[in-house]
Amino acid sequence: MMMSKDIAPEYKDFECIKQLGVYQEAFIKLVECYGQELNGGRIIIEDSVYTLHDFDHHCIEIYKIISDVLLDPKRAYSSPGLTKRELYILDMAVLFHDISMSQDIMAKRESHSKSSADYVQELFDNTKSLFSKESQLTINELNALKAIIIAHSDIKDGTVPPEEQGLGATALSKPVPAKSGMIRPKLLAGILRLADELDVTNERLGCRSIEESLRKCQEKFENMKMQLKVEEGEGLLEAEYEKYEKYVESLSYWKNLYLFSEVRREMQDDTIQLITDDRYIRELLEQGNTPPAIARKILKIYEKIDKEWKNIKKFIIDDSSQKVDVKSFFPVSEINIQCGLEEVRQELEKQLFNIYSSQDVTVTNVQIEAVKEDDGEEKRTLEQLQEEVQIIDRNLSDKLMAETKRRHLLKVGHFLLDDIFCARDWIDTKEIVETKAIADKINACFIEHIKKNIRLDEKNVIIGLDLEGALLASRIGMSLKLPFTYIIPVRDQPNFSKKELEVSIKEFDGIILIADVIVAFDTIKKALNEISNTNGINEQELLNKVVMIYSIFYRESNLISLKGLGELKKKTCCLNMDFPVELFRKKECHYMKNNECLALNCRSKNINSKM
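This write-up is about the structure you can find in this document.

Scoring rules and cut-offs
- Residues numbered from 1 in each chain as written.
- Predicted model: local features only at pLDDT ≥ 70, side-chain atom pairs only at ≥ 80, totals over all residues.
- Heavy atoms only, no water.
- Helix = DSSP H or I, 4+ residues; strand = E, 2+ residues; numbered from the N terminus.
- Buried < 20%, exposed > 50% of the residue type's maximum accessible area, 1.4 Å probe, protein only.
- Expected span 1.5 Å × (residues − 1).
- Salt bridge = Lys/Arg side-chain N within 4 Å of Asp/Glu carboxyl O.
- Pairing = 2+ DSSP bridges.
- Axes fitted to C-alpha atoms, helices over the stretch in contact; angles between N-to-C directions.
- Parallel < 35°, antiparallel > 145°, perpendicular 65-115°, else oblique.
- Left-handed = near helix turned anticlockwise from the far one by under 90°.
- Contact = heavy atoms within 4.5 Å.
- Nonpolar A, V, L, I, M, F, W, Y, C, P; charged D, E, K, R; others polar.
- Core = buried A, V, L, I, M, F, W, Y, C linked by side-chain atoms within 4.5 Å.
- Phe/Tyr/Trp six-rings, centres within 6.5 Å; stacked < 30°, edge-to-face > 60°.
- Lys NZ or Arg CZ within 6 Å of the ring centre and 35° of its normal.

### Considerations on unusual backbone geometry
Right, on to step 1. Cis geometry marks the peptide bond from Ser79 to Pro80; its omega dihedral reads 5°.
Right, on to step 2. Its location among the elements puts Pro80 in the loop between helix H3 (55-70) and helix H4 (84-96).
Right, on to step 3. At Asp466, a residue that is not glycine, the phi angle is positive and equals roughly 65°.
Right, on to step 4. Along the chain, Asp466 turns up in helix H18 (residues 466-480).
Right, on to step 5. A positive phi angle, near 55°, is found at Lys481, a position not held by glycine.
Right, on to step 6. Within the secondary structure layout, Lys481 lies in the loop between H18 and strand E13 (484-487).
Right, on to step 7. On the basis of relative accessible area, Lys481 is assigned to the exposed category, the value being 74%.

Here is the structure:
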């Protein structure tokens, strides 16, 4: 094994290490051995290596977070806080929790916590190992340590049932006897789990050459995907493809570390602040990234942290069986984001509201804090925020944005949208819907959201709008075993079954509309009008029947206001809104010559792609 240089010594200055007392000497010996293993067991990428789960960055940051953010320095290390023995077990759990991830790029993130616990068991069983000689753990303490390590990350490979995941695991349910006093594994697991989630700042970054190597791997992976599409998988080594897919996954984690500069809690306060790196975010804006896209990246991290915090509060802080005032030494009541850029902060507020309102959770305690500035701008009301389109899956949103840019599917120019509107630029959605790998992900995402949010025991019908929406609707309907029909241009109806077009809407309780792109909601309104006319249903009754509206893209425009669209927007979910559009009414179009719109597709009536 390649051994690293000496361990960075600053870990000894953190309170959770200084307070170890008689156990400090043994713990330092363990760090000098296994900390070097974490630093030295690096993964080769091209001509470089990387360790996102090392000791000098990751473990040290966790010790810092435990000492400076999570635990009260005056009360955490005396009754009813942590005993010296509990602190010793916690510090060892930090040291070993990710050790399996430092050895192999193919190590599964889904089950790495169990692999790390198994590694600790192997060390304990090996009487020649330093761990076996120096840790001096009892069997009860070893089992508690393993349970804490396993609980720091959910196991998603199916080997552990959901009820035994995380802080709800039976192995954590009761205090266990220790060499000195008792150990509370659930409490220690909660502290480690939250500290691990909070290590999301640029302090964890290594050298830039590692990032450059990961980027090269991403380019190779994209080439492999193109080859896979052309050759339908022939000639590709599956193991090689999976390896580079792991590198790309690691690159996404790596890039997210740039978004936050600090995790902080003032000692007199009980609120943890995630401080955004506004300098980096400003660079992203200058490079053409939109505030909604940046906000989604930030919230992707925040949501995961906030979810963990809510579980910890439920299983530890508010758990009466703990029989101690945990909050007295673990004084955290909420976690907020602090952002100094107004346009991004407003997007964070809007998207946070959408997230929590869609989960039917009160949001009175969720805050996005400004950095001591008062610009005097009027804040949006909750009523306005409720009338916003929701994004279903931020991971898929990022992939759609990347795919659209990579394949140049955003066509630049001036185009007709319909009989009323024209606009700058349009998205070639036909290419996206007909690309199997992407279409499968879109369908799976919509299907999962429908299963979670719509009662399938009620009589619902799926209606696809235009060609691409019809394609999506048919696949989703077949998967969910729901009836489906289409509303498509008259010229295209001969290509579809007349029986499906004749489905009566009156007999159904709910309508699920599927579109590929929504800009002005004009297509939606026209579809509802057609359904109303052909089925003899009045407008309000029909609107009440609409359960949900799904679209791949939603493009915010400069022209369409919220007025009159609130009911439609509240029921709309999309996968991406990174491509806002400059919209014009045809009668007021700026791009005219001889009183004629200069749209590039004026002479073509057969337009398969959308704005």
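### Looking at helix H20 (residues 522-535)
Right, on to step 1. With 14 residues, H20 extends 20 Å between its outermost C-alpha atoms, agreeing within 8% with the 20 Å of an ideal straight helix rising 1.5 Å per residue.
Right, on to step 2. Looking only at H20, the buried set comprises Asp522, Ile524, Ala527, Leu528, Ile531, Ser532 and Asn535.
Right, on to step 3. Looking one or two places after H20, you find Gly536, whose phi comes out positive at around 65°.

### Concerning the pattern of salt bridges
Right, on to step 1. For the coordinates displayed, the defined rule picks out 25 salt bridges.
Right, on to step 2. The partner of Asp270 in a salt bridge is Lys327, with the nearest N and O atoms 3.8 Å apart. With a gap of 57 residues between them, Asp270 in the loop between strand E5 (260-264) and strand E6 (271-276) and Lys327 in the loop between helix H12 (291-317) and strand E7 (334-338) connect regions that are remote in the sequence.
Right, on to step 3. Since its relative accessible area comes to 24%, Asp270 is described here as partly exposed.

### Here we look at helix H17 (residues 436-453)
Residue pairs three or four apart in sequence face the same way in an α-helix, which turns once every 3.6 residues.
Right, on to step 1. Compared with the 26 Å implied by 1.5 Å per residue over 18 residues, the 25 Å span of H17 between its first and last C-alpha is a close match.
Right, on to step 2. All of the buried residues along H17 are Ile438, Ala439, Ile442, Asn443, Cys445, Phe446, Ile447, His449 and Ile450.

### Observations concerning the pairing of strand E15 (residues 546-554)
Right, on to step 1. Taken across its 9 residues, E15 has 8 buried, putting it largely inside the fold.
Right, on to step 2. Examined bridge by bridge, strand E14 (residues 510-518) and E15 share 7 bridges and lie parallel to one another. Bridge assignment links Ile511 to a residue of E15, and that residue is Val546.
Right, on to step 3. Here E15 pairs with strand E16 (residues 572-576) via 4 bridges, running parallel. What sits directly across from Ser551, in E16, is Cys574.

### Side note on the packing of H17 against H18
Right, on to step 1. At a closest axis distance of 10 Å, the pairing of H17 and H18 adopts a crossing angle of 50°. In terms of their interaxial angle, H17 and H18 are classed as oblique. As for how H17 packs across H18, the hand of that crossing is right-handed. Across from Ala439, Ile442, Asn443, Phe446, Ile447, Ile450 and Lys451 in H17, the residues of H18 making contact are Leu472, Arg475, Ile476, Ser479 and Leu480.
Right, on to step 2. Grouping the constituent residues of the contact of H17 with H18 by class yields 8 nonpolar, 2 polar and 2 charged.

### Section: the nonpolar core
Right, on to step 1. Judged by nonpolar contacts, the single largest core of 98 residues is most densely connected at Tyr11, Phe55, Tyr63, Leu70, Phe131 and Phe330.
Right, on to step 2. For this core, the element with the highest residue contribution is H12, accounting for 11 residues.
Right, on to step 3. Setting aside anything within four residues of it in sequence, one finds Phe330 in contact with Leu70, Leu187, Ile191, Leu194, Trp309, Ile312 and Ile317.
Right, on to step 4. With 40 residues, the next largest nonpolar core counts Met401, Ala470, Leu575 and Phe579 among its residues.

### Looking at the sheet that holds E14
Right, on to step 1. Ordered in space as E9-E16-E15-E14-E12-E13, the 6 strands form an open sheet in which the pairing is parallel. In this open sheet, the two strands that pair with only one neighbour each are strand E9 (390-391) and E13.
Right, on to step 2. Pairing of E9 with E16 involves 2 bridges; the strand directions are parallel. In the strand pairing of E16, Gln390 is matched with Cys573.
Right, on to step 3. Packed on one face of the sheet, H20 meets strand E12 (460-465), E13, E14 and E15 and runs near 125° to E12.

### So, the packing of aromatic side chains
Right, on to step 1. Enumeration over the complete set of coordinates arrives at 12 aromatic pairs.
Right, on to step 2. Here Trp309 and Phe330 contribute two aromatic rings whose centre-to-centre distance is 6.3 Å and whose plane-to-plane angle is 70°, an arrangement assigned as edge-to-face. Of this pair, Trp309 sits in helix H12 while Phe330 sits in the loop between H12 and E7, placing them 21 residues apart in sequence.
Right, on to step 3. Where Phe553 meets Phe579, the ring centres are 6.1 Å apart and the plane angle is 65°; that geometry is what we call edge-to-face. Of this pair, Phe553 sits in strand E15 while Phe579 sits in the loop between E16 and strand E17 (583-585), and the two are 26 residues apart along the sequence.
Right, on to step 4. Among the aromatic side chains, those forming a connected cluster through ring pairs are Tyr11, Phe27, Phe55 and Tyr63.
Right, on to step 5. Lying over the aromatic face of Phe508, Lys459 brings its terminal NZ or CZ to 5.7 Å of the ring centre.

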